[in-house]
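# Examination of the molecular architecture
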Amino acid sequence: MTASATRYLYLARHGEALPEQSGPGQSGPGLSENGRRQAVLLGRRLRDVPLAAVHHGPLPRAAQTARLVGEQLGAVPLRVDEAAGDYLPCVPGRAELPADSADLLLDFLGEVSQAEREHGAALAAEAIARFTGPVAGEVDRHELVVTHAFLVGWLVRHALDAPDWRWLGHNSANAALTVIRYAPGRPATVITVNDQRHLPTELRWTGFPPEWQI
Ligand SMILES: O=C(O)[C@@H](CO)OP(=O)(O)O
């Protein structure tokens, strides 16, 4: 029988970004000053974790966060990965959604093209294949994925075996940590969600609607 070991998946939404500038060819904003501070503090928080790699999405806000985190970690490789990017992991139809929240959720999703659906679904499946489950071999593995709000929701949903649509309604604060443990022979454990103890009060809960900040 092939040996398998435990994976610890650390998920972080990028640091606070500058306001969006839309337009053709825009790859989205980079980090604000707050976002840079959050990223450095996230890196310091993770210094003692034996991370094997930092995976990050290709957009500037995720790439900059990963670079600033990486500077605090020493020799941990940074790997850009489209599966860690910003996309819609699953676009449910009305029939899959609870009747009392379907209107709100469908409004939030807005118009989504067929191409966007297929692209998101393919990347969401890749993210599950690449980042979840126990690892081969005998050595436990710790990995960080610096990503966007939607993928954190998607992987928490997956860990809890919740229906595909249920990534909706999950949000992440900027530079907050969510950690999932995948041990052989056990269901995945969501160890922590939106952990921000590495951030001072004034840098917590950015990226969250005010009424969600507790
Ligand atoms: O656009 C958003 O609301 C989210 C989606 O994942 O992205 P980000 O985490 O980059 O803000």
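Check the entry above for the structure.
Below is a short write-up of the structure. Values in this document were obtained by computation on a predicted structure and should not be read as measured data.

Read across the open sheet, the six strands follow the order β4-β3-β6-β2-β7-β8; overall the sheet is mixed. Among the strands making up the open sheet, the edge pair consists of β4 (78-80) and β8 (189-195). For this sheet, the mean inter-axis angle between neighbouring strands, taken without regard to orientation, is 20°. With respect to the sheet, helix α4 (residues 114-131) is in contact with β2 (7-13), β3 (51-56), β6 (141-147) and β7 (177-182), its orientation differing from that of β2 by roughly 135°. Against the sheet, helix α5 (residues 149-159) makes contact with β2, β6, β7 and β8, and its axis sits at roughly 30° relative to β7, the strand it touches most.

This part is about the layout of surface pockets. Within this model, the largest pocket holds a volume of roughly 460 Å³. Surrounding the largest pocket, 22 residues form its lining, R13, F108, A149, F150 and N171 being those nearest its centre. With three residues, helix α3 (residues 102-109) is the largest single contributor of residues to the lining of the largest pocket. Residues of the lining of the largest pocket, tallied by class, amount to 13 nonpolar, five polar and four charged.

Parameters at a glance
Residues numbered from 1 in each chain as written. Predicted model: local features only at pLDDT ≥ 70, side-chain atom pairs only at ≥ 80, totals over all residues. Heavy atoms only, no water. Pairing = 2+ DSSP bridges. Helix = DSSP H or I, 4+ residues; strand = E, 2+ residues; numbered from the N terminus. Axes fitted to C-alpha atoms, helices over the stretch in contact; angles between N-to-C directions. Contact = heavy atoms within 4.5 Å. 1 Å grid on protein atoms, 1.4 Å probe; cavity = no way out; pocket = protein on both sides within 12 Å on 5 of 7 lines; lining within 4 Å. Points joined across faces, edges and corners; volume = space filled by probe spheres on them. Nonpolar A, V, L, I, M, F, W, Y, C, P; charged D, E, K, R; others polar.

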